[in-house]
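Notes for the structure review
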Amino acid sequence: MSDRVTLEIENDIAYVTLNRPDKYNGLDMAMFDAIASTAKTLKKDRSIRAVIIQGAGKAFCSGLDVKSVSANPVNFAKLLFKPGRKISNLAQDVGYLWREVPAPVIAVTHGVCYGGGLQIALGADFRYSTRDCEFSIMEAKWGLIPDMSITTTLSELMPIDKAKELTMTARVVEAPEAERLGMVTHVSDTPLDDALAFVEELKAKSPDAVAATKLLYNRAWQADDRTALGWESRLQKKIIARANQRTAVARNTGKPEQAYDHRRSF
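Here we summarise the structure given alongside this text. What you see is a predicted model; the values in this text were computed from it and never measured. (Residues numbered from 1 in each chain as written. Predicted model: local features only at pLDDT ≥ 70, side-chain atom pairs only at ≥ 80, totals over all residues. Heavy atoms only, no water.)

1. Some remarks on the overall build of the chain
Secondary structure summary: the chain contains 12 helices and nine strands in total. Its C-alpha atoms give the chain principal-axis dimensions of roughly 60 × 40 × 35 Å. Looking at the chain as a whole, 47% of its 266 residues qualify as buried. Within the chain, contacts between residues at least 6 apart in sequence are counted, and of these 68% link residues at least 24 apart. For the chain, the computed accessible surface area is about 13500 Å², with 52% contributed by carbon and sulfur atoms. Positive and negative charge centroids in the chain, built from 36 and 33 side chains respectively, lie 8 Å apart. (Helix = DSSP H or I, 4+ residues; strand = E, 2+ residues; numbered from the N terminus. Buried < 20%, exposed > 50% of the residue type's maximum accessible area, 1.4 Å probe, protein only. Contact = heavy atoms within 4.5 Å. Areas by Shrake-Rupley, 256 points an atom, 1.4 Å probe, with all protein chains shown as cover. Lys, Arg positive; Asp, Glu negative; His and termini not counted. Charge placed at Lys NZ, Arg CZ, Asp CG, Glu CD.)

2. Points about the state of the cysteines
A full pass over the atoms with the stated rule returns zero disulfides. As a non-bridged cysteine, Cys61 has Cys113 as the owner of its nearest cysteine sulfur, 7.1 Å distant. (Disulfide = S-S within 2.5 Å.)

3. A look at the pattern of salt bridges
Using the criterion set out here, one finds 11 salt bridges in the structure. Close ionic contact of Asp189 with Arg131 constitutes a salt bridge, the shortest N to O distance being 3.0 Å. In this pair, Asp189 sits in the loop between β9 (186-187) and α9 (191-203) while Arg131 sits in the loop between β6 (126-129) and β7 (134-136), placing the two residues 58 residues apart along the sequence. A relative accessible area of 61% means that Asp189 is categorised as exposed. (Salt bridge = Lys/Arg side-chain N within 4 Å of Asp/Glu carboxyl O.)

4. Some thoughts on the nonpolar core
In terms of nonpolar packing, the biggest core is built from 51 residues, with Ile35, Val51, Phe60, Trp98, Phe135 and Met183 touching the most fellow members. Secondary structure elements with two or more residues in this core: β2 (13-18), α1 (29-43), β3 (50-55), α4 (90-100), β4 (105-109), α5 (116-123), α7 (160-169) and α8 (175-181). (Core = buried A, V, L, I, M, F, W, Y, C linked by side-chain atoms within 4.5 Å.)

5. Observations regarding the sheet that holds strand β8 (residues 173-174)
The three strands lie next to each other as β5-β7-β8, forming an open sheet whose pairing is mixed. Strands with a single pairing partner mark the edges of an open sheet, and in this sheet they are β5 (112-114) and β8. As paired strands, β5 and β7 are joined by three bridges and run parallel to one another. Within the sheet, the bridge partner assigned to Cys113 lies in β7 and is Phe135. In this fold α5 packs onto β5 and β7, with an angle of close to 95 degrees to the strand it touches most, β5. (Pairing = 2+ DSSP bridges. Axes fitted to C-alpha atoms, helices over the stretch in contact; angles between N-to-C directions.)

6. What about the pairing of β4?
Among the five residues in β4, five count as buried, and that is most of the element. Neither face of β4 is open: one carries Val105, Ala107 and Thr109, the other Ile106 and Val108, and all of them are buried. Both β3 and β4 contribute to a ladder of three bridges, which runs parallel. Within β4, the position partnered with Ile53 by the bridge is Ala107. As paired elements, β4 and β6 share four bridges and run parallel to each other. In the strand pairing of β6, Ala107 is matched with Arg127.

7. So, the environment of Ala14
The residue Ala14 is located in strand β2 in this model. Separated by 184 residues in sequence, Ala14 and Phe198 place their C-alpha atoms 14 Å apart. Sequence-distant contacts of Ala14, defined by excluding residues within four places in its chain, comprise Leu7, Glu8, Ile9, Leu42, Ile48, Ala50, Val51 and Ile52.

8. Re the packing of aromatic side chains
Across all of its chains, the model carries three aromatic pairs by this definition. Judged by centre distance (4.9 Å) and plane angle (80 degrees), the ring pair of Phe126 and Phe198 falls under edge-to-face. Taken as a pair, Phe126 in strand β6 and Phe198 in helix α9 lie far apart in primary sequence, 72 residues in all. Assessed through its relative accessible area of 25%, Phe126 is described here as partly exposed. If you follow Arg234 out to its NZ or CZ, it ends over the ring of Trp231, 4.2 Å from the centre. (Phe/Tyr/Trp six-rings, centres within 6.5 Å; stacked < 30°, edge-to-face > 60°. Lys NZ or Arg CZ within 6 Å of the ring centre and 35° of its normal.)

9. Focus: the environment of Gly117
One can find Gly117 in helix α5. A relative accessible area of 0% places Gly117 in the buried class. When neighbours within four sequence positions are excluded, Gly117 is seen to be in contact with Leu27, Phe60, Cys61 and Gly63.

10. What to know about unusual backbone geometry
Phi at Tyr24 takes a positive value of approximately 55 degrees, unusual for a residue other than glycine. Along the chain, Tyr24 turns up in the loop between β2 and α1. Phi at Asn25 takes a positive value of approximately 60 degrees, unusual for a residue other than glycine. Position of Asn25 among the secondary structure elements: in the loop between β2 and α1.

Okay, structure coming up:
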C-alpha cells in the first residue's frame, strides 16, 4: 500500500485514510493508484463489516492536484485509459470501486470536499460530515466536466436540474445545504462518532443481508421493473436458510450472542 493511503483494520472495520495532508489530500497519480488498490483489496475481504474513508489533516480531499498531474501529459492518458472489458478507467475507479466493495462504505468528511474528492465521497454508500465542511463539483472552474463516476453516483441522490446547476457553476455549498440537496447523509459535530455508532447497528445484522441490500439497490434502484424484481429474487435465494440468515433468526428468538459467519460472496 502506498503512503498516499493508509489502511487500518480494527474490530472488523477498515479505516481508509487519504494521507497527503500537506496538499489537502489533493489527488496526484500516486493517490489515484493507492485509492484504487485499497478498494480492490477490501473488495476481497469477507471479514470486513464496514469501511470508513477519511482524510488526514485539515481536509477530506481538495480534488485533483492539477499542477502535479499536468506536469506530465501522459498522466491524463493513464487516467482516462479503459483497459479490456472494464467499465471504468483509473480516474473513475477512485469513486466507483467503493460501490463494488460489498461492505457498507462511509465517507467522513471535514474541511473541504471538492471536485474529485467529492466524487470519491459520492462513491461511498453514506456521507457523514462536519457542519463546516464545504462541497463543490469544482471541475467547471478549470474548464472541465466531472468524470470520476459522478454520473452514476449523483444521479441517485438529487434531481438533474440541481446537479446541472452545481456542476455548471462550480458553486461551493456548506454541509447543511449539501444535506438538504441530498449529497450528504448526516451533518453533525461528531461525524466519525456518529458513523461508528451506525456501524455498530449494522454489525448487529447479518453481513449477508447488509451486503445483498447494497448490491440490490446499486443494481436495481434505477433499473426497469423486470431487472429490479429479478435481482430481488436472485439475491433472496442466495440468503434464505443460509447460516447467517439462520443466525439472524436465532439472535431475535433468544440467542442474542450467536455470532455471524463471514459474509458470503454474491
